[in-house]
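Summary of structural features
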Amino acid sequence: MNYDHLAVFINLAETLNFSRTALQMNLSQSAVSQTISSMEKELNFLLFYRTRKQVRLTASGQNFYQSMKPMLNLYNKSVQKAQRIAQKREVDLTIGYSGTPFEISILPKIIKRFNNAGVMENTNIYLENFDHNALKDHLLNGDCDIILTMPDIVSKMENIKYFDLAKGVFCANFYNGVAVCTQKSIELSELGKYRLIFLDSQWCPPSQSTLQKEIKKDNKKLNLVYANNILNSSIMVHADIGVGIWANFVSSPNDKQIVSTPLAYHQYPHYGFAMLDYGVTKTAKKFASWLQKNYGLLS
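Residues numbered from 1 in each chain as written. Predicted model: local features only at pLDDT ≥ 70, side-chain atom pairs only at ≥ 80, totals over all residues. Heavy atoms only, no water.

**Examining the overall build of the protein chain**
We count it as follows: The helix count covers DSSP runs of H or I at least four residues long, the strand count covers runs of E at least two residues long, and both are numbered beginning at the N terminus. Here, two residues are considered to be in contact whenever any of their heavy atoms come within 4.5 Å of each other. Note on areas: these come from Shrake-Rupley sampling with a 1.4 Å probe, and a residue is covered only by the protein chains present in the view. Here Asp and Glu are counted as negative and Lys and Arg as positive; His is not counted, and neither are the chain ends. Where a charge lies is defined by one atom per residue type: Lys uses NZ, Arg uses CZ, Asp uses CG and Glu uses CD.
The helix and strand inventory of the protein chain stands at 10 helices and 12 strands. C-alpha atoms of the protein chain, sized along the principal axes, occupy 60 × 50 × 35 Å. Across the protein chain, contacts joining residues at least 24 apart in sequence account for 73% of those joining residues at least 6 apart. A total of about 16,200 Å² of accessible surface is found on the protein chain, and carbon and sulfur atoms cover 49% of it. Both charge centroids of the protein chain, one from 32 positive and one from 24 negative side chains, sit 3 Å from each other.

Structural data, given as structure tokens:
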């Protein structure tokens, strides 16, 4: 098995369409099919179930994809980094984020402003979007230099330094196109009259997980739906599927379709970034210092 075979597999795992993968990889459809068959023969397990109408990953194929995608990304990044070192032109900075509407809104501005500030010349910036657990692993493994996160997510990790950028409040988030709560704050016990959108365990920060348990405890009956990431939760609110529960620094500041009402809750979430304490790169240190000076009052 070689790099080209893995690249074809990764692409097909994402498109689930042989003709589309063939087009994107500049190959014939038969060449894609032969590559996958060759890999399956070598691995001794099926990667895909395929019929005339559908292509889908097997359980083994899904596991193999999840393992190999980061490795392939790391390989490509390592090659590019080595080439730049050889040319003595650029340095790398990888920022990890979980994909909140706020991050999607503000990250392009942060990156443009940092590059224009001339803090470090020829800085090559990468972005990685994963759930909180994957981001922590990538930070420890050196795949990310900095991750945007909350303090309770990284509190039990060794060799990690957290820096605060904002203090917020947990909110009930309503779609603006319907009648919304006009109170200044909402008691947890009042949430039972709404259909609520919670985050599942994979994406839910510990502080929000505690909040969700408190909401369940304070309401005998709840109409609940779960989202498997915060961006989907936001989309569900926009679709008027329910009322989202998340911190105010999760929402995009430009989103006028969502109205956020603070919850009467005793815990106040924080938001910032984390990096290694020891072994951190010079580029990450400079970016961290610049970020604190320029975005230390996000709230």
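Now that the structure has been shown, the text picks up again.
**Focus: the sheet that holds strand β3 (residues 91-97)**
We count it as follows: Here the rule is simple: two strands pair whenever DSSP picks up at least two bridges between them. Lines fitted to the C-alpha atoms define the axes, with helices restricted to the stretch that makes contact. Angles between their N-to-C directions range from 0 to 180 degrees.
Within the open sheet, the five strands sit side by side as β4-β3-β5-β12-β6. Their pairing is mixed. In this open sheet, the two edge strands, each paired with only one partner strand, are β4 (123-129) and β6 (160-167). Across the sheet, the mean angle from the axis of one strand to that of its neighbour is 20°, orientation sign disregarded. Here β3 pairs with β4 via seven bridges, running parallel. Residue V91 lies in a different strand from β4, and its bridge partner there is T123.

**Some points on the confidence of the model for the protein chain**
The condition that has to hold: Values of pLDDT, which run from 0 to 100, indicate the predictor's confidence residue by residue.
Scored by pLDDT, the protein chain has a mean of 88; 94% of the residues are at 70 or more. Helix α4 (residues 59-87) is the least confidently modelled element of the protein chain, averaging 80 in pLDDT, while strand β5 (residues 146-149) averages 96, the highest of any element.

**Thoughts on the sheet that holds strand β7 (residues 170-175)**
The strand order β9-β8-β10-β7-β11 describes an open sheet built from five strands, whose pairing is mixed. Because the sheet does not close on itself, it has two edges, and the strands there are β9 (223-227) and β11 (258-262). Along the sheet, successive strands turn relative to each other by an average axial angle of 35°, direction set aside. Helix α8 (residues 206-218) contacts β7, β8 (195-199), β9 and β10 (243-247) of the sheet and is inclined by roughly 150° relative to β8. Along the sheet face, helix α9 (residues 230-238) touches β7, β8, β9, β10 and β11 and points at about 140° away from the line of β10.

**Some details on the layout of surface pockets**
The criterion, for reference: Cavity and pocket criteria rest on a 1 Å grid covering protein atoms alone: a 1.4 Å probe that fits but cannot get out defines a cavity, protein on both sides within 12 Å along at least 5 of 7 lines defines an open pocket, and an atom within 4 Å of a point defines a lining residue. Grid points are joined across faces, edges and corners, and a volume is the space filled by probe spheres set on the points. Classification used: nonpolar for Ala, Val, Leu, Ile, Met, Phe, Trp, Tyr, Cys and Pro, charged for Asp, Glu, Lys and Arg, polar for all others including Gly.
Here the largest pocket is characterised by a volume of approximately 380 Å³. Taken together, 15 residues line the largest pocket, and the ones lying closest to its centre are Q66, P70, F130, D131 and A134. Those elements that provide at least two residues to the lining of the largest pocket are α4 and α6 (132-141). Its residues assigned to classes, the lining of the largest pocket shows five nonpolar, seven polar and three charged.

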